[in-house]
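Here is how the chains run, residue by residue.
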Amino acid sequence: MKYLCFENSREINEVNARVNLRIASFTPSIFHLYSSLEESKDKKFRKSLFRFYISLLTKGDTKIYFALDDDNNILHYSVVIPRNIKYPFLKAGEYCIGPCNTSEKARGLGIYPYVLQNILRDNPNSRFYMIIKEDNLSSIRGVKKAGFKLCEKTICTTKVLKRFVEVKKELI
């Protein structure tokens, strides 16, 4: 599978979502994997396993941003992950955003780029990367709207632990 790597530019594009939103964030830990905002139907085994795994790897520095509607329904979430063994190409102070998910009923409303912009505004001195499958055209459009640019890094995954590693240009 081929991935494209995007990085944030220093300027933040102004995008408005076409729905009223409130942004909330949550820091999971190995003992507290879910926010009180999340309903029990959202607590699936695979999601729990991922959050436990990433909480261990990042020593509790992972953050999840939620976009909530007026009724407190979660319309979108984005996970912000610092440098760790799964993302060895990141340097200190750099983060990977993803996985991200917008509920089916809320797609096409500009929520994804709006949440990304909020993450950038909350962390103005940090560098962010997004790793996206090359055939995920809607995600690519969303990150471009938020001001992310295709970067020079070529990223692939390892077979063991599915680590995202940078492939040096001279090896391509």
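Above this text sits the structure in question.
Each chain has its residues counted from 1, following the order in which its sequence is written. Reporting of local features is limited, given that this is a predicted model, to residues whose pLDDT is at least 70; pairs of side-chain atoms are given and counted only at 80 or more, and all residues count toward the totals for whole chains, interfaces and linings. Excluding hydrogens and water, the side-chain figures rest on all heavy atoms present in the structure.

S.K.: Just to check I follow, could you spell out the pattern of salt bridges for this structure?
M.R.: Note that side chains of opposite charge can pair when their charged atoms are close. By convention in these notes, a salt bridge is any Lys or Arg side-chain nitrogen within 4 Å of a carboxyl oxygen on Asp or Glu. Under the definition given, this model contains four salt bridges. Its salt-bridge partner being Arg-121, residue Glu-14 comes within 3.2 Å of it at the nearest N-O pair. Of this pair, Glu-14 sits in the loop between β1 (3-8) and β2 (22-26) while Arg-121 sits in helix α2 (residues 111-122); the two residues are 107 residues apart in sequence, bridging distant segments of the chain. Each residue is placed in one exposure class: buried if its accessible area under a 1.4 Å probe, protein chains only, is under 20% of its type's maximum, exposed if it is over 50%, and partly exposed if it falls in between. With a relative accessible area of 35%, Arg-121 lands in the partly exposed category. One salt bridge in this structure joins Glu-166 and Lys-153, with 3.5 Å as the shortest N-O distance. With Glu-166 in strand β9 (residues 164-167) and Lys-153 in the loop between β7 (148-150) and β8 (154-157), this pair connects stretches of sequence that are 13 residues apart. A residue is classified by how much of its surface remains accessible, and Glu-166, at 29% relative accessible area, is partly exposed. In this description a helix means any DSSP run of H or I spanning at least four residues, a strand means any run of E spanning at least two, and both kinds are numbered starting from the N terminus.

S.K.: Teacher, can you tell me more about the packing of aromatic side chains here?
M.R.: By convention here, two paired aromatic rings are described through the distance between centres and the angle between planes. Here is the rule: rings of Phe, Tyr and Trp (six-membered ring for Trp) pair when centre to centre is within 6.5 Å. Planes less than 30 degrees apart are stacked, more than 60 are edge-to-face, and the remainder are tilted. On inspection of all chains with the given rule, the structure shows four aromatic pairs. Centroid distance Phe-89 to Tyr-129: 5.8 Å. Interplanar angle 80°. Geometry classified as edge-to-face. Remark: Tyr-129 occurs in strand β6 (residues 127-133) and Phe-89 occurs in the loop between β4 (74-82) and β5 (94-102); sequence separation between them is 40 residues. Summarising the burial analysis for this pair, Phe-89 and Tyr-129 share the class buried. Put simply, the rings of Tyr-3, Tyr-87 and Phe-164 pair up and form one aromatic cluster.

S.K.: How should unusual backbone geometry be read in this particular structure?
M.R.: Outside of glycine, negative phi angles account for most residues, and trans bonds account for most peptide bonds. Geometrically, the link from Gly-98 to Pro-99 is a cis peptide bond, its omega value of 10° lying close to zero. Unlike most non-glycine residues, Lys-59 shows phi in positive territory, near 55°. Among the structural elements, Lys-59 can be located in the loop between α1 (45-58) and β3 (63-68). The class of Lys-59 is exposed, set by a relative accessible area of 74%.

S.K.: Sorry if this is basic, but what is going on with a nonpolar patch on the surface here?
M.R.: Side chains of Ile-30, Phe-31, Phe-52 and Leu-56 sit close together on the surface and give an oily, nonpolar patch of about 420 Å² of accessible area. Mapping Leu-56 onto the fold places it in helix α1. For Leu-56, a relative accessible area of 47% corresponds to the partly exposed category. Each patch groups residues whose relative accessible area exceeds 30% and which form no salt bridge, using 9 Å between like charges and 5 Å between nonpolar side chains of Val, Leu, Ile, Met, Phe, Trp and Tyr. Calculation of accessible area relied on Shrake-Rupley with a 1.4 Å probe; when residues are assessed, cover is drawn exclusively from the protein chains displayed.

S.K.: Sorry, what's going on with the packing of α2 against helix α3 (residues 137-145) here?
M.R.: The relative placement of two packed helices comes down to the angle between their axes together with the axis-to-axis distance. For helices, the axis comes from a line fit to the C-alpha atoms of the stretch in contact; other axes are also lines fit to C-alpha atoms, and the angle between any two N-to-C directions lies between 0 and 180 degrees. Where α2 contacts α3, the axes come no closer than 8 Å and their chain directions differ by 45°. As the angle between them shows, α2 and α3 are arranged oblique. For the pair α2 and α3, the sense of crossing is right-handed. Counted together, Tyr-112, Pro-113, Leu-116 and Gln-117 of α2 and Ser-139, Gly-142, Val-143 and Lys-145 of α3 form the full contact between these two elements. Comment on the angle field: the value is read as roughly parallel under 35 degrees, roughly antiparallel over 145, roughly perpendicular from 65 to 115, and oblique elsewhere. By the definition used in this description, the sense in which the near helix is turned from the far one sets the handedness, with an anticlockwise turn below a right angle giving left-handed and a clockwise turn giving right-handed. Residue contacts follow a heavy-atom distance rule, with two residues in contact if any of their heavy atoms lie within 4.5 Å.

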